[in-house]
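A structural walkthrough
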Amino acid sequence: MRACGPAPGNQTEMVIPGVNDGPSEVWEEMRDWTCRNFSAWCYYKEFADLNRGPDGKASPNECLMAARARFKTSLPNAWAPALARLARQECPHLDFRMAKSMFDPCAEVRL
């Protein structure tokens, strides 16, 4: 039998922009989005302020979906934790249901 080299791995290494970027790249892309879509970003924060649950905290996913629907803008679901951290950074009175995230080192806000 001939040697054909190592067996191929199960996973191929593909670089897909926005999908497998590191947290700092995604954070910067998300920050750029907030500058380009200032009205949608303000709506996101207003929605979070007005639509808190019984625990007094807003859902990052609900805020993201509301801004996406109202402004017909492209917002990846993966940005939900990053947007919540940035909103809390800009408006400390906002509180979100948050768990640990890969974006924690990027944000100035701590859980």
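Please refer to the structure higher up on the page.
Now for a quick tour of the structure. Along each chain, residue indices are assigned from 1 in the same order as the chain's sequence is written. In view of the model being predicted, local features appear only for residues whose pLDDT reaches at least 70, and side-chain atom pairs are presented and counted only at 80 or more, with totals across whole chains, interfaces and linings using the full set of residues. Processing note: side-chain calculations cover all non-hydrogen atoms of the structure and skip hydrogens and water entirely.

What counts as a helix is a DSSP run of H or I of at least four residues, what counts as a strand is a run of E of at least two, and both are numbered from the N terminus. In this scheme, a helix's expected span is set at 1.5 Å multiplied by one less than its residue total. Between its first and last C-alpha, helix α3 (residues 60-71) extends 17 Å over 12 residues, near the 16 Å set by a 1.5 Å rise per residue. Relative accessibility thresholds used throughout: buried, under 20% of the residue-type maximum; exposed, over 50%; partly exposed, between the two (1.4 Å probe, protein chains only). Turning to α3, its buried residues are Pro 60, Cys 63, Leu 64, Ala 66 and Ala 67. Viewed along the axis of α3, the buried residues span an arc of 165 degrees, placing them on a single side of the element. It only takes one pair of heavy atoms within 4.5 Å for two residues to be counted as in contact. Where the residues of α3 are buried, they touch α2 (38-50) and α4 (80-90). By construction, the arc corresponds to the directions joining the helix axis to the C-beta atoms.

Ranked by internal contacts, the top residues of the largest apolar core, which has 29 residues, are Tyr 44, Trp 79, Leu 83 and Phe 96. Those elements giving two or more residues to this core turn out to be α1 (23-36), α2, α3 and α4. Setting aside its immediate chain neighbours within four residues, Phe 96 contacts Tyr 44, Ala 48, Lys 57, Ala 58, Ser 59, Pro 60, Cys 63, Ala 84, Ala 87 and Arg 88. Nonpolar cores are built from buried Ala, Val, Leu, Ile, Met, Phe, Trp, Tyr and Cys residues. Side-chain atoms within 4.5 Å join them into one set.

Here we take up the packing of aromatic side chains. Pairing of aromatic side chains here covers Phe, Tyr and the six-membered ring of Trp, requires ring centres within 6.5 Å, and sorts the geometry by plane angle: under 30 degrees stacked, over 60 edge-to-face, intermediate tilted. Under the definition given, this model contains 6 aromatic pairs. Taking 6.1 Å as the distance between ring centres and 40 degrees as the angle between the ring planes, the aromatic pair formed by Tyr 43 and Phe 47 counts as tilted. Separated by 4 residues within a single helix, Tyr 43 and Phe 47 lie in helix α2, roughly one turn from each other. On the basis of relative accessibility, which here comes to 18%, the residue Tyr 43 falls in the buried class. Between Tyr 44 and Phe 96, the ring centres sit 6.2 Å apart and the planes meet at 25 degrees, which makes this aromatic pair stacked. Of this pair, Tyr 44 sits in helix α2 while Phe 96 sits in the segment after α4, placing them 52 residues apart in sequence.

Read these as geometric descriptors, not functional statements.
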